[in-house]
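Tertiary structure, described
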Amino acid sequence: MQKKIKIKINGKIIKANKEQTIAEVAIKNGIDIPLLCSHSDLKFKPNCRICSVEIKGLKGLYPACSTKIKEGMEILTDSPRAKKARKINLELIFAQHTKKCLDCVRRYNCQLLDLVRRYQIKANRFLERKKKYPIYQFGPILLDSSKCIDCRNCVEICKTQGVGFLEIKKKGHSFQIAPSHKKNKDCVYCGQCIVHCPVGVFEGSGEFEEIEKPFKEKDKILIVQFAPALRVSLGEFFNMPYGTVVTEKIAAALKKLGAFKVFDTSLGADFTTVEEANALIERLTKERNLPMFTSCCPAWVKFVEFYYPSFVPNLTTVRSPHIILGGLIKTFWAKKEGIDPERIKVISIMPCVAKKYEIARRELKINNLKPVDCVLTTRELAYLLIKNKVDLKTIKPQKLDTPLGFPSGAGVIYGASGGVMEAALRTSYEKLSGKRLLNIEFKKIRGMEEIKEAKMKIGKRLIKIAAVNGLGGAKKILEKLKKKKNIYDYIEVMACPGGCIGGGGQPLPTDDKIRKKRAKGLYNIDSQKKVKMAHKNPIVEKVYKTFLKEEKTIHSICHTRYFRKKKGKIKIIKTLDEKS
């Protein structure tokens, strides 16, 4: 056990570990120190200096985020000198942050504006020196460099993700964050730059400007589906505790916005599970293209297609849940209801920015129609509800529509890291062994660890599995597989830390504590479900029996193909000055 040392913060005696920073000790002991550029997922970097504190006996001020404590240290967090320094630093930060508050992902949760109010600074004291900096677009992500405060969180998380697409470039006497133009670097659209930027430099394409368009097409029959992770995160926008389950409230809210039917993407996950289990069994039997990789995360798929194309055959061909459900809506459901599929508009509400990219893939079309026409993020739905004065907290819940609204527990846990694999293993075990699975919870592959490994015996076969949390861990595993392929049979990768619950389209802020509470909400739903296995869902059984009867139909709706990808285009959009 590490020896504790004594320090004082604002006169309060505290015992803490020697290697901790002032900020870590303060946070643990309920002492407020503003931390603008810090994120618990990343290393502390003394860039913004908003956390500056005074240490008795030492000259100058010290950043609390990176200064380690020492025996007998006496710290003042709110002394006149510290306050004055914070005010000046905030004013200087605003000089390099073009204010576009009405159209910002941080609009309803902006720490920078909170600090302005708290310290009563003049946000316009200095001229905005980045006004003419460009806005970049790559895929479904926008980077507005005129708002950047040089904290470099985005560069660090991009490297942590094993991508390294975002770079620091010198521009005169300043630095600028910009996308890489190198041929071997491309964005995979995970959106973690959005999650880790404290001032809204990044956002999804069309975020806020275009959110009402899909709901205003009067000549279309509007069908909305929403992802598993959404039910435990959307409530945060309405001051509900982290992890609060709001499934039926979402259904009611979407009906208020004009949806004709509201379906549950978790049911699509049940179909993905059945097909994925079948694919795994086939590969294990034939000893072909192992280990099998999950493919429901489009950022992970893009990562393989661009950075590791030799592993493309390892990706399962099964489509992601919202794509399968969109396909079923425009085929099975449309036929059942006697509706022309061309009149149907399917909107997916997703915790993910990469899903905006995924729906543009041409190979997903069915009868020349896109299964999903539009993707909105959790944030976009929240802003749409707020704008239309729909309060999720007080709205009366409504049941989801039949027959595509009632998933198994396996479909719901897709939103958490390890959930896709756990769902598939529940079904694979019973199909391979012919026996009932008594212990359906695979706790070894749950949680926030980067790489979670386990072994599972099915009949005489021992299956080696790994659930990977974030693309940094995926890169490590792929490098290992280059040397030796038979170390695993089945691998799940979620590009975002924690899985979809930590996606690039989720409410901000998002950190490990919040992810854990969201995941707990999903597993609680699973524990209360009567049907916990995808293949035992009565709706799934009925659709296979009446509609997905032929291999050709199954393949066109439930499967796709993947291939080597070239670098995507980087657009430079006109600056605010040029627009006006």
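As the structure is a computational prediction, the values presented were derived from the model and not from experiment.

Check the secondary structure of the protein and you find 18 helices and 19 strands. Looking at the protein as a whole, 62% of its 580 residues qualify as buried. Taking as baseline every contact in the protein between residues at least 6 positions apart, the subset at least 24 positions apart corresponds to 74%. Taken as two groups, the 115 positive and 59 negative side-chain charges of the protein have centres that lie 3 Å from each other.

What follows deals with unusual backbone geometry. Between Leu290 and Pro291 the backbone carries a cis peptide bond, its omega angle lying at -5°. Mapped onto the fold, Pro291 is located in the loop between helix H7 (265-286) and strand E13 (292-293). Between Thr402 and Pro403 the backbone carries a cis peptide bond, its omega angle lying at 0°. Inspection of the secondary structure assignment puts Pro403 in the loop between helix H11 (378-387) and helix H12 (409-412). The phi angle at Asn368 is positive, at roughly 65°, despite the residue not being glycine. The topology assignment puts Asn368 in the loop between helix H10 (354-358) and strand E15 (374-377).

The next subject is the nonpolar core. Counting residues in hydrophobic clusters, the biggest one holds 149 residues, and the most contacted among them are Leu166, Phe202, Leu254, Trp300 and Leu548. Setting aside chain neighbours within four positions, we find Leu548 in contact with Phe271, Leu328, Val543, Thr553, Ile554, Ile557 and Cys558. If you look at the next biggest cluster of nonpolar residues, it comprises 21 residues, including Met421, Leu425, Ile445 and Ile465.

This part is about helix H17 (residues 551-558). For H17, the set of buried residues is Ile554, Ile557 and Cys558. Take H17 and look down its axis: the buried residues cluster within an arc of 80°, on one side only.

Right, let's talk about the confidence of the model for the protein for a bit. When pLDDT is low, close inspection of the predicted coordinates is not appropriate. On average, the protein scores 94 in pLDDT, and the residues at 70 or more come to 98%. Every residue in residues 576-580 is under pLDDT 50, and counting partners more than four places away or in other chains gives six contacts.

What the four strands build is an open sheet, ordered E12-E11-E14-E15; its pairing is parallel. Every other strand in the sheet has two partners, leaving strand E12 (261-264) and E15 as the edge strands with one partner each. Each neighbouring strand pair of the sheet contributes to a mean axis angle of 25°, computed without reference to strand direction. Bridge analysis of strand E11 (residues 221-226) against strand E14 (residues 344-350) gives six bridges, and the strand direction is parallel. Among the inter-strand pairings, Phe226 is bridged to a residue of E14, identified as Ile349. This element, helix H6 (residues 247-257), spans E11 and E12 of the sheet and lies at about 150° to E12. Running over the sheet, helix H9 (residues 321-337) touches E11, E12, E14 and E15 and is turned about 155° from E14.

Criteria and cut-off values
Residues numbered from 1 in each chain as written. Predicted model: local features only at pLDDT ≥ 70, side-chain atom pairs only at ≥ 80, totals over all residues. Heavy atoms only, no water. Helix = DSSP H or I, 4+ residues; strand = E, 2+ residues; numbered from the N terminus. Buried < 20%, exposed > 50% of the residue type's maximum accessible area, 1.4 Å probe, protein only. Contact = heavy atoms within 4.5 Å. Lys, Arg positive; Asp, Glu negative; His and termini not counted. Charge placed at Lys NZ, Arg CZ, Asp CG, Glu CD. Core = buried A, V, L, I, M, F, W, Y, C linked by side-chain atoms within 4.5 Å. Arc of directions from axis to C-beta. pLDDT = per-residue confidence, 0-100. Pairing = 2+ DSSP bridges. Axes fitted to C-alpha atoms, helices over the stretch in contact; angles between N-to-C directions.

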